[in-house]
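An overview of the molecular structure
The residues making up each chain are set out below.
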Amino acid sequence: MPTFRGVRGVWGVTELRRDVDRDASFRAFVDAHQRPLMRLAYLLTGEVHLAEDLLQSVLVRMVGRWPRLRRMDRPDAYARKALVNQYISWRRRRVTGEVLSPEPPERGYSTEDSTVLRIVLRQALMRLTPKQRAVIVLRFYEDRTERDVAGLMGCSVGTVKSQTHHALARLRALAPELASRLPVLDDPADMREARR
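Since the structure is predicted, the reported quantities are computational estimates derived from the model, not experimental observations.

**A short note on a positive patch on the surface**
A cluster of basic residues, Arg61, Arg65, Arg68, Arg70 and Arg71, forms a positive patch on the protein surface. Along the chain, Arg61 falls in helix H2 (residues 48–69).

Pasting the structure below:
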């Protein structure tokens, strides 16, 4: 049997074909899902270069497991969950040199200007805890249900509800000009009072 010398050693033709098939399949997956995964990574990190690093680290882990992952019904769901978990893990270990100002940048436009509101929202999101930020991004940017978010984050639906409630309250406190644009959820304290 003819063999080919590669970086990893000597491969037979069947092993080479299997690697080429795996690589082509993984490339097709990345081509189909790169934009939404990059958007999620950016919304989690708030910085293009960190988002690229986050996505790259997840894709590097996935390529080694691709023969098993490509048989899944939704490998993109696995990738999303891996992005969220990797982001939370990074935030625990990483101390950034970036100092966020509690004040939004000076405004040259009215508070209704969408660009200014996006900047204010981004700054407020950056000041949430990693889990709160992940919940907000998954629930409202990705438009996922509480059950989907719980599955992606590996927690209960109650935890998602609680984290969402606390994150929205924190966003309202950090950026009062966004309060009218943020969703209003039932207050758990009001719900407890109504049950009594």
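Anyway, onward from the coordinates.
**Points about the environment of Pro36**
One can find Pro36 in helix H1 (residues 13–45). The exposure class of Pro36 is partly exposed, given its relative accessible area of 24%. For the pair formed by Pro36 and Arg80, sequence separation is 44 residues and the distance between their alpha carbons is 9.3 Å. Excluding anything up to four places from it in sequence, Pro36 contacts Arg80 and Glu142.

**Some words on the pattern of salt bridges**
Counting across every chain of the model gives four salt bridges. With its nearest N and O atoms 2.7 Å apart, the salt bridge here joins Arg74 to Asp76. Arg74 gets classed as partly exposed once you look at its relative accessible area, which sits at 45%. Of the charged contacts in the structure, one is a salt bridge between Glu142 and Arg80, with a shortest N-O distance of 2.5 Å. Pair noted here: Glu142 is in the loop between helix H5 (130–141) and helix H6 (146–153) and Arg80 is in helix H3 (residues 75–93), with a separation of 62 residues, a long-range link.

**Regarding the packing of H5 against H6**
Describing two packed helices takes the angle between their axes plus the distance from one axis to the other. The contact between H5 and H6 brings their axes to 10 Å, and the two run at 135°. In terms of orientation, H5 and H6 fall into the oblique class. Crossing of H5 against H6: the hand is right-handed. Across the interface between the two elements, Lys131, Ala134, Val135, Leu138 and Arg139 from H5 touch Glu146, Val149, Leu152 and Met153 from H6. When the residues that make up the contact of H5 with H6 are grouped by side-chain class, the tally is six nonpolar, no polar and three charged.

**A word on helix H7 (residues 157–174)**
If you check H7, its first and last C-alpha atoms are 25 Å apart, about what 18 residues at 1.5 Å a residue would give, namely 26 Å. Among the residues making up H7, those that are buried are Val160, Thr164, Ala167, Leu168 and Leu171. One side of H7 holds all its buried residues, which, seen down the axis, span an arc of 100°. The inward-facing, buried residues of H7 contact helix H4 (114–126), H5 and H6.

**Looking at the side chain of Asp76**
Counting through the fold element by element, Asp76 comes out in helix H3. Residues contacting Asp76, with those up to four places away along its chain left out, are Phe29, His33 and Leu37.

**Points about the nonpolar core**
Phe29, Met62, Leu83 and Met153 are the most contacted members of the largest nonpolar core, which totals 32 residues. When residues of this core are traced back to their parent elements, those giving at least two are H1, H2, H3, H5 and H6. If near-sequence neighbours (up to four positions away) are discounted, Met153 is found in contact with Val84, Asn85, Ile88, Lys131, Ala134, Val135 and Leu138. By size, the runner-up hydrophobic cluster in this structure holds 13 residues, among which are Leu125, Ile136, Leu168 and Leu178.

**Notes on the packing of aromatic side chains**
In total, this model carries three aromatic pairs according to the counting rule given. Between Phe26 and Trp66 the ring centres are 5.2 Å apart and the planes differ by 75°, which places this aromatic pair in the edge-to-face class. One end of the pair, Phe26, is in helix H1; the other, Trp66, is in helix H2, with 40 residues separating them in the sequence. Judged by its relative accessible area of 10%, Phe26 falls in the buried class. Seen in terms of ring centroids, Phe29 and Trp66 are 5.0 Å apart; in terms of plane orientation they differ by 45°. Their pairing is tilted. Taken as a pair, Phe29 in helix H1 and Trp66 in helix H2 lie far apart in primary sequence, 37 residues in all.

**A look at unusual backbone geometry**
One non-glycine residue, Asp143, adopts positive backbone phi at about 55°. Turning to its location among the elements, Asp143 is positioned in the loop between H5 and H6. In this structure Asp143 comes out as exposed when scored by relative accessible area, which is 66%.

Rules used throughout
- Residues numbered from 1 in each chain as written.
- Predicted model: local features only at pLDDT ≥ 70, side-chain atom pairs only at ≥ 80, totals over all residues.
- Heavy atoms only, no water.
- Patch = residues over 30% accessible without salt bridge, like charges linked within 9 Å, V, L, I, M, F, W, Y side chains within 5 Å.
- Areas by Shrake-Rupley, 256 points an atom, 1.4 Å probe, with all protein chains shown as cover.
- Salt bridge = Lys/Arg side-chain N within 4 Å of Asp/Glu carboxyl O.
- Lys, Arg positive; Asp, Glu negative; His and termini not counted.
- Charge placed at Lys NZ, Arg CZ, Asp CG, Glu CD.
- Helix = DSSP H or I, 4+ residues; strand = E, 2+ residues; numbered from the N terminus.
- Buried < 20%, exposed > 50% of the residue type's maximum accessible area, 1.4 Å probe, protein only.
- Contact = heavy atoms within 4.5 Å.
- Axes fitted to C-alpha atoms, helices over the stretch in contact; angles between N-to-C directions.
- Parallel < 35°, antiparallel > 145°, perpendicular 65-115°, else oblique.
- Left-handed = near helix turned anticlockwise from the far one by under 90°.
- Nonpolar A, V, L, I, M, F, W, Y, C, P; charged D, E, K, R; others polar.
- Expected span 1.5 Å × (residues − 1).
- Arc of directions from axis to C-beta.
- Core = buried A, V, L, I, M, F, W, Y, C linked by side-chain atoms within 4.5 Å.
- Phe/Tyr/Trp six-rings, centres within 6.5 Å; stacked < 30°, edge-to-face > 60°.

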